[in-house]
Each structure stands twice: as structure tokens, then as C-alpha cells.
Amino acid sequence: MSAGWRRAAAVAAVGLVLAGCGQAAKSSGGGDTIGKLEIMAPADPGGGWDQTARAMQAAVSGAKLAGSVQVSNVGGAGGTVGLQKLSNEKSDSYLMITGLVMVGAVETNSSKARLEETTPIARLTAEDEVLVVPADSPYKTTEELLAAVQEKGKGVSITGGSAGGTDHILAGMLLKAKDIDPAKLNYVPYSGGGESLAALLGKKVDAGISGIGEYREQIKAGKLRALGTSGPNQDQTLKVPTFKEQNLGVELTNWRGVVAPGGISPEAKNRLTKLVTDMHASEQWKAELTKKGWTDTFLTGSEFSTFLNKEIGRIRPALQNIGLVK
């Protein structure tokens, strides 16, 4: 082989090596595969958002859909502290858990960061709410608890998630159903479900509202008594009458999903959407849904964007009607 041919062969070999390196780099993060996925739960550990983030972590890792998955907690102000952090995030492999709670908290906290500025990826689940009291509470029914609120006003305390969130909205709706002045509501907000549970078990509050999943084990263990649930049908594991069955005319279902930072490229959005879609189809995610008792309400693309915009549009009037926003 002549010197010229040897040089040409060497150049071609280098080209093949570089091309191979390019392919490796692409598969580790630039193509359809995400090397490192970060998921933020915009709440303290123990609540529904934290549970969702860690269920996603387990499912994505178990199905080997990303190189690694890291979960972080950024609690405060109904998720709006986390939403503000997301607005400054530059990574295109970053997801934040969101839901109805945050839609309300944006309004009640007059948040500068808005959900409209994020990149919607997917709606994941829905969960009914449950009203509970400690097992030895004198209140045996929703009617008795609301009668006590009517009589004692702020002498009866109801705990739940952050101010303006789903739990707070439901408390206001229950008072309105009995024509009770919303000013009588003594709502004690916590940023994580674990804190509200501790307040209930410690007898620091009279009642609590949360997603069924957060209180289910304590109800089954006999430490909490469920008075009613907020969905259209009874929860099959609790067998407690819904508020509609109690002639209160109240129905509310919490939903949770994921959004990415605003301004990411269409390619990055597609990559994240594909990852979450693949996660949703995995046996690992199905197992998480069963374990947590969550209802699968998966939605992506323009359908999820439209749903999110409708939620944002309807929540402010709902908050105004129950006196949470002027």
C-alpha cells in the first residue's frame, strides 16, 4: 500500500471513531435517551407530589428509561416556590410535578411565576379527596363536623395542604354547601401531607383533608376515621359515602402531572414526552398506580395543554366563590 493510501485509510479510520463517539454522545443525552433526569417535587417529603415524584423515579429507573433519575424537594407556598425555581431552570431534562393545588396557589399567593410559562408535558393521575378526623373524635359524620363549624367557627380547625390548594378549596366548598360563612373556616395549611398527618395524630387539629392515598394507611389502621370522599363514586378500599351521597352536592377530584421549564426546544419537549409516555406504558408504573390507588388519567400534547389552560381559567372564579381570593 502506498503512503497516500495509508494516509487516506488513517483519516477514514479516525472519521469512523469520531462518528462512533458522536453516536455515543447522542444516545447518552442528545437523542431519544436521557442520560440524567431530574424531577422536582415542589413540596416537602411525604405528600402527594413527593409520592408522585418518587413513583416516577421508581418506574423510570425500573424500566431503564434514563441513565439516572434524581428527585429533589422544594417546598413552600403551595408549590409556587418550586414553580419560581423552575422558571430559572435551564436544563432540558428537568420535570416538575404539578396539579390542581398549584393552580390555586398561584392565585392565592399572587405568584410572579405562572404555569402558563412552563412547558406542559403530561397529566398523570387523579385522586379523590377524603375528610378525616382522629379515631376518637366526637364527630362521627360530615354533618356533625360542619354543624360544629357553624356553631364554634374558628374553634374548629381543619388541616390540609397549602393555602389555596385542593384541600383548602374542598373545605370551602363543604362550608358553602351548608351556607356557612367562609370567614368561620379555620384552615391550618401545611406544605406536606406528612405534616398534616402528624397534626391529626397529635390531636393538634380537629379534622383533615387530603388525597386518599396520603391518609389511607392510617384510616385502615384505625387511627383516623373517614367521614366522606370527594369523587363521583365511593373509593372501593374505604367504603365511605361520597359527599354527593351525603346530599352536599360537592364533587372535586385532584389531578397531578408534570411540566418542564418554559422555552425548551421542541426536540427536548418531544424527548421528555416520549420518556413519560414510555413510563406510563411500563409495568413498573402500572404497579405504582395499583400500590398508591391512583386513577390513571394520562394525557399529553395539545390535549394536556388545553386541559391545563381550562383549569387555570376556572380556578380563580372557584376561589372567589368560596372567599379565598378577592
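In the nomenclature of an unreviewed UniProt entry, the protein chain corresponds to C4-dicarboxylate ABC transporter substrate-binding protein from the organism Lentzea flava. In its Sequence similarities (unreviewed entry) section, the UniProt entry covering the protein chain states "Belongs to the UPF0065 (bug) family."

The final tally for this structure, using the stated rule, is 17 salt bridges. Between Glu 251 and Lys 244 there is a salt bridge, with the nearest N and O atoms lying 3.3 Å from each other. Lys 244 gets classed as partly exposed once you look at its relative accessible area, which sits at 44%. The partner of Glu 311 in a salt bridge is Arg 314, and the shortest N-O contact between them spans 2.7 Å. Here the residue Glu 311 and the residue Arg 314 both occupy positions in helix H11 (residues 301-321), the gap between them amounting to 3 residues, near one helical turn. In this structure Glu 311 comes out as buried when scored by relative accessible area, which is 7%. Owing to a relative accessible area of 40%, Arg 314 belongs among the partly exposed residues under this scheme. Overlapping salt bridges bring together Glu 107, Arg 114, Glu 116 and Arg 316 as one network.

Attention now moves to helix H9 (residues 266-281). Taking 1.5 Å of rise per residue, 16 residues should cover 22 Å, and H9 covers 22 Å from first to last C-alpha, within 8% of that figure. Residues Ala 268, Arg 271, Leu 272, Thr 273, Leu 275, Val 276, Met 279 and His 280 constitute the buried set of H9.

Even without being glycine, Asp 179 reaches a positive phi, approximately 55°. As for its position among the elements, Asp 179 is in the loop between helix H6 (166-177) and strand S6 (186-189). Exposure remark for Asp 179: the relative accessible area of 70% places this residue in the exposed category. Even without being a glycine, Lys 203 presents a positive backbone phi close to 60°. Turning to its location among the elements, Lys 203 is positioned in the loop between helix H7 (193-201) and strand S7 (207-211).

The rules behind these values
Residues numbered from 1 in each chain as written. Predicted model: local features only at pLDDT ≥ 70, side-chain atom pairs only at ≥ 80, totals over all residues. Heavy atoms only, no water. UniProt positions renumbered as here; feature names shortened; annotations may be inferred. Salt bridge = Lys/Arg side-chain N within 4 Å of Asp/Glu carboxyl O. Buried < 20%, exposed > 50% of the residue type's maximum accessible area, 1.4 Å probe, protein only. Helix = DSSP H or I, 4+ residues; strand = E, 2+ residues; numbered from the N terminus. Expected span 1.5 Å × (residues − 1).

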